[in-house]
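# A structural walkthrough
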Amino acid sequence: QTMVMRQVVDLGGLLVSAFVVNLALSLLTLAILRWLMGWLDLWRFVWDPPLAQFGILICLLGLYTLIL
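Residues numbered from 1 in each chain as written. Predicted model: local features only at pLDDT ≥ 70, side-chain atom pairs only at ≥ 80, totals over all residues. Heavy atoms only, no water.

## Quick word on helix α1 (residues 18-39)
Applied cut-off: Where helices and strands are cited, they refer to DSSP runs of H or I of at least four residues and of E of at least two residues respectively, numbered from the N terminus. Expected helix span is computed as 1.5 Å times (number of residues minus one). Each residue's exposure class comes from its accessible area (1.4 Å probe, protein chains only) as a fraction of the maximum for that residue type: buried when under 20%, exposed when over 50%, partly exposed otherwise. In this description, the arc belongs to the directions extending from the helix axis to the C-beta atoms. Whether two residues are in contact is decided by their heavy atoms: any pair within 4.5 Å suffices.
Given a rise of 1.5 Å per residue, 22 residues ought to cover 32 Å, and the 32 Å separating the end C-alpha atoms of α1 matches this to within 8%. Of all the positions in α1, only Ala-18, Asn-22, Ser-26, Thr-29, Leu-30 and Met-37 are classed as buried. An end-on view of α1 places all buried positions within 110 degrees of arc, on one side of the element. Across α1 from its buried face, at more than 90 degrees, point the exposed residues Leu-28, Ile-32, Trp-35 and Trp-39. Looking at the buried side of α1, the elements it contacts are β1 (8-11), β2 (14-17) and α2 (49-67). Note on α1: the residue one or two positions beyond its end, Asp-41, has a positive phi of about 55 degrees.

## Observations regarding the environment of Met-37
Structurally, the position occupied by Met-37 is in helix α1. Look at Met-37 and you get buried, because its relative accessible area is 19%. In this structure the C-alpha to C-alpha distance between Met-37 and Ile-67, which are 30 residues apart in sequence, comes to 24 Å. In this view, Met-37 contacts Leu-42 and Trp-43; residues no more than four positions away in its chain are not counted.

Any link to function would need more than the numbers given here.
This is how it looks when you write it as structure tokens:
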């Protein structure tokens, strides 16, 4: 099997970069994680929440880029 990497995604005739799709997915996942960590009050264990959220976003973006 060969791994096929998509450069462009066709959304109903609109050509969108695969990076934009991965970024949107990462932001959606981060929003859910932020809500969940706020609901469980887990942000109190994090020294700098904005920095941690940015790090999580970068990790999610890399993960989605590798997987998709």
